[in-house]
Amino acid sequence: MTELTPPVAKRVFHSHTHHGVTVEDHYAWLRAQNWQAVMQDPSALDGEIRTYLDAENAYYEAHFGKPTEALRDKIFKEIRGRIKEDDSGVPSPDGPYAYNTRMLEGKQYPLIVRTPREGGEETILLDCNAEAGEGYFGFAGASHDNTHSVLAWAADRAGSEYYDIVLRDIATGNDRDEVIKDTAGGFVWSNDSSSIYYVEYDDNHRPFRVRQHIIGTAQDSDAVIYEEEDPGFFVGIDKTLSEKFLIIDAHDHQTSEVYLIDAENGGDPILVAPRVVGREYEVDERDGLLYIRTNADGAEDYKIVTVSADAPAPENWTDLVLHKEGVLVLDVALLKNYMLRLEREDGLPRIVSRDLRTGKEEIVGFDEDAYSLGMATGYEFDTAVFRLSYSSPTTPQQLFDVNLETGERTLLKTQEVPSGHNPEYYETKRLFAKAADGEEVPVTLLYRKGLKLDGSNPVLLYGYGAYGMSMPAAFSVSKLSLVDRGFVYAIAHIRGGMEKGYRWYRLGKTAHKTNTFGDFIASAEMLIGEGYTSAGKIVTEGGSAGGMLMGAIANMRPDLWAGVIANVPFVDVLNTMLDYTLPLTPPEWPEWGNPIESEDDYTRIASYAPYENVAAQEYPPLFALAGLTDPRVTYWEPAKWVAKLRATKLGDAPLYLKTNMGAGHGGASGRFERFKETAECYAFAIKSVGMDE
């Protein structure tokens, strides 16, 4: 294997038999037997596997990296030029202080800072740039205790999502020797600042246990507060804004179970409602009353119920906000006198505030074809102010404080674009593609005004379509580098997301998964039919589960695409769902099906899994990106996929695999390094449609 010759992975006979079907998998050897160790220490990777990955990286660099260096650098500088490098967040008050984050010019990571509440001298609590060093630095956040004297902060230094929690004395700025090691990243303080509750992994990298660390004691004496026995359920820890309860949440993709712990006095976890397959619920608290967002009783798009914290069983739940089909309740937040809920109807979000003293409701919305809306509460419960964020594909993000008592909306910040941005140069449009079964698939477009609908325009079509995740129609500094070159940037809001309610998600999972692929192809065909582009001028992009989408549509309709970009792609679906030891496999069965137990699930997954369905046909140019320490989509999935494509596909279209040997699922850790990866993908898109620099 040389830099100028495509690497050829060796074939080693391997097979598995399920439900009477035997499948040969000659590239199974690329899965490291010691993958758990590799997650924490990349140097533990088998030498032969490393040699192959290094050869693929060298081939990519020789054939694409070096030849496009000038273009990639130009795109990177464009994106960086749209970022205010010394940007600052908006302070969030908490007692005597206001906490904030800010960035320094030329630096990759944030500073955590605070000032006196009414203003004054700033104190730097944590400089992540100083802590990061030269290697990977995954920052999981920082949290101060209620005395405002200790800052707990967590970081992952390998990309494997094992986080060490470090305690810093704010008065001196020094870290204590006391470190809580190898956690899952989630943690909360007790109200009296005497302990930290945190989540840890099992041997297969699943967050399954909550422990309580008493400050000043050894970690090996930390008490187990909760331990999940079902490997299909993941565990998280949180606290109500009222600070009345700690919340332990155990869940998979369709079922949840919540326990409460008195945040003031501790004690045993109290069960809210036992898990029932298909029932999901989330809990918040105000004045001894629990407010629960749930899909119970057939409320597919969710409703809100209340119940006394002293008797929280489901038979005592009382409807507060009734279920309304097609109006998806996305989130609920509580303040002392108000409840906020984020809803989506017909693909557009809105915020509804409810005065809990009177029941009066007010709606916050915006008048655009497509936009993104968010809400956030700060540290304080006894306030009438919440923070609203708004952007659209043409409009940079704006942050407002909304006072629910007075109705006043105060603009705190508008995202600056230093190199300049005029929204009047761009147009956003929401179109609908008709799927094979008649469903209307929303497609959000961004392009320069004056676009000619003559079929000549290149398109980047992005898709995800899984886990109920909706793709926001938000502003992006990076997308403009394509749009300003004449691309149409399109997002296909395909089934598997929740853009059109929970039903949209349900019709894109398990037995209906192939709808996701059909919707994406229908979106491309609609853009062709409307004159936006032509077959062979569309570059597609998706990551993780969206990377599986990329593999599927490349197999199904290779003639449509000018190129395919697959970021950390989940392409070895069947083998992963057959391997119950992998971190995400048991929790993923409700999403994809369980091919171990169900012959129908096995047959269905095998029919669309990208790796199994690689065929002897011509493929468009393909670019796959992977992370060696990725615990979500393991590095060997794209490696096996590319190896099989090299051995099977016809024609000479470029095929590249780039594995980040020091990062995980999210790619490079610094803000600028991530934009370098974006620039690589955009350079690939530009070259794939035949454009020059």
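Details of the structure are given in the entry above.
This write-up is about the structure you can find in this document. (Residues numbered from 1 in each chain as written. Predicted model: local features only at pLDDT ≥ 70, side-chain atom pairs only at ≥ 80, totals over all residues. Heavy atoms only, no water.)

## Some words on the packing of aromatic side chains
Here comes step 1: Under the criterion given, the structure shown has 26 aromatic pairs.
Here comes step 2: A ring pair is formed by phenylalanine 623 and phenylalanine 684, whose centres lie 5.5 Å apart and whose planes are at 45°; its orientation type is tilted. With phenylalanine 623 in strand 36 (residues 622–627) and phenylalanine 684 in helix 13 (residues 671–688), this residue pair connects regions lying 61 residues apart in the sequence.
Here comes step 3: Here phenylalanine 623 falls in the buried class, since its relative accessible area comes to 0%.
Here comes step 4: Relative accessible area serves as the criterion here: at 2%, phenylalanine 684 is assigned to the buried category.
Here comes step 5: An aromatic cluster of at least three residues, connected via ring pairs, comprises Tyr59, Tyr60, Phe64, Phe623, Tyr656 and Phe684.
Here comes step 6: One residue, arginine 80, lies across the ring of phenylalanine 672, its end atom 3.9 Å from the ring centre. (Phe/Tyr/Trp six-rings, centres within 6.5 Å; stacked < 30°, edge-to-face > 60°. Helix = DSSP H or I, 4+ residues; strand = E, 2+ residues; numbered from the N terminus. Buried < 20%, exposed > 50% of the residue type's maximum accessible area, 1.4 Å probe, protein only. Lys NZ or Arg CZ within 6 Å of the ring centre and 35° of its normal.)

## Considerations on the packing of helix 7 (residues 514–529) against helix 8 (residues 545–556)
Here comes step 1: Across the interface, helix 7 lies against helix 8 with an axial gap of 10 Å and an inter-helix angle of 65°. One way to sum up the angle between helix 7 and helix 8 is to call them roughly perpendicular. When the axes of helix 7 and helix 8 are compared, the crossing they make is right-handed. Where helix 7 abuts helix 8, its residues Thr516, Phe517, Phe520 and Ile521 lie against Met548, Leu549, Met550, Ala552, Ile553 and Met556.
Here comes step 2: Split into classes, the residues belonging to the contact of helix 7 with helix 8 amount to nine nonpolar, one polar and no charged. (Axes fitted to C-alpha atoms, helices over the stretch in contact; angles between N-to-C directions. Parallel < 35°, antiparallel > 145°, perpendicular 65-115°, else oblique. Left-handed = near helix turned anticlockwise from the far one by under 90°. Contact = heavy atoms within 4.5 Å. Nonpolar A, V, L, I, M, F, W, Y, C, P; charged D, E, K, R; others polar.)

## Section: the pairing of strand 9 (residues 163–169)
Here comes step 1: Where burial is concerned, most of strand 9 is hidden: five out of the seven residues are buried.
Here comes step 2: Hairpin geometry of strand 8 (residues 150–156) and strand 9 is characterised by an intervening segment of six residues between the two adjacent antiparallel strands and by a positive phi of about 85° at glycine 159.
Here comes step 3: Bridging between strand 9 and strand 10 (residues 174–189) involves five bridges; their strand directions are antiparallel. Pairing of arginine 168 across the sheet is with aspartate 175, part of strand 10.
Here comes step 4: The hairpin turn running from strand 9 into strand 10, its antiparallel successor, is four residues long, and glycine 173 in that turn takes a positive phi close to 80°. (Pairing = 2+ DSSP bridges.)

## As for the environment of serine 456
Here comes step 1: Its location among the elements puts serine 456 in the loop between strand 31 (440–448) and strand 32 (459–462).
Here comes step 2: Between the alpha carbons of serine 456 and glycine 531 there is a distance of 8.0 Å; along the sequence they are 75 residues apart.
Here comes step 3: Polar contacts involving the side chain of serine 456 include one to the side chain of aspartate 454, which spans 2.6 Å. (Polar contact = N/O pair within 3.5 Å; in protein donor to acceptor, adjacent residues only side chain to side chain.)

## Remarks on the sheet that holds strand 6 (residues 123–127)
Here comes step 1: Strand order in this open sheet of four strands is 3-4-5-6, and the pairing throughout is antiparallel. Strands at the two margins of the open sheet, each flanked by one partner only, are strand 3 (92–94) and strand 6. Sheet twist, expressed as the average angle between the axes of neighbouring strands with direction ignored, equals 25°.
Here comes step 2: Alignment of strand 4 (residues 97–102) against strand 5 (residues 111–116), held across six bridges, turns out to be antiparallel. Bridging across to strand 5, threonine 101 finds its partner in isoleucine 112.

## Observations regarding the side chain of asparagine 594
Here comes step 1: Considering the arrangement of structural elements, one finds asparagine 594 in the loop between helix 10 (585–592) and helix 11 (599–608).
Here comes step 2: Those residues within four positions of asparagine 594 in sequence are excluded, and the remaining contacts are Trp589 and Asp601.

## Observations regarding the sheet that holds strand 22 (residues 327–334)
Here comes step 1: Spatial ordering of the open sheet is given by 22-23-24-25, a layout of four strands whose pairing is antiparallel. Each of the sheet's edge strands pairs with one partner strand only, and the pair in question is strand 22 and strand 25 (361–364). Averaged over all neighbouring strand pairs, the angle between strand axes comes to 25°, with direction disregarded.
Here comes step 2: Pairing geometry for strand 23 (residues 338–345) and strand 24 (residues 348–355), over eight bridges, is antiparallel. Its bridge partner being in strand 24, leucine 340 is matched across the sheet by serine 353.

## Considerations on the pattern of salt bridges
Here comes step 1: Throughout the structure, instances matching the rule amount to 49 salt bridges.
Here comes step 2: Of the charged contacts in the structure, one is a salt bridge between glutamate 85 and arginine 80, with a shortest N-O distance of 2.6 Å.
Here comes step 3: The class of glutamate 85 is buried, set by a relative accessible area of 15%.
Here comes step 4: Between lysine 84 and aspartate 86 there is a salt bridge, and its shortest N-O distance comes to 2.9 Å.
Here comes step 5: Relative accessible area serves as the criterion here: at 43%, aspartate 86 is assigned to the partly exposed category.
Here comes step 6: Residues joined in a network through salt bridges with shared partners are Arg341, Glu343, Glu345, Arg350, Arg354 and Glu361. (Salt bridge = Lys/Arg side-chain N within 4 Å of Asp/Glu carboxyl O.)

## Structural notes on helix 2 (residues 47–65)
Here comes step 1: Turning to helix 2, its buried residues are Ile49, Tyr52, Leu53, Ala55, Glu56, Asn57, Tyr59, Tyr60, Phe64 and Gly65.
Here comes step 2: The secondary structure elements touched by the buried residues of helix 2 are helix 3 (69–81), strand 36, helix 12 (636–648), strand 37 (655–660) and helix 13.
Here comes step 3: A distance of 3.0 Å separates the backbone nitrogen of glutamate 48 from a side-chain oxygen at the start of helix 2, and that oxygen is part of aspartate 46.

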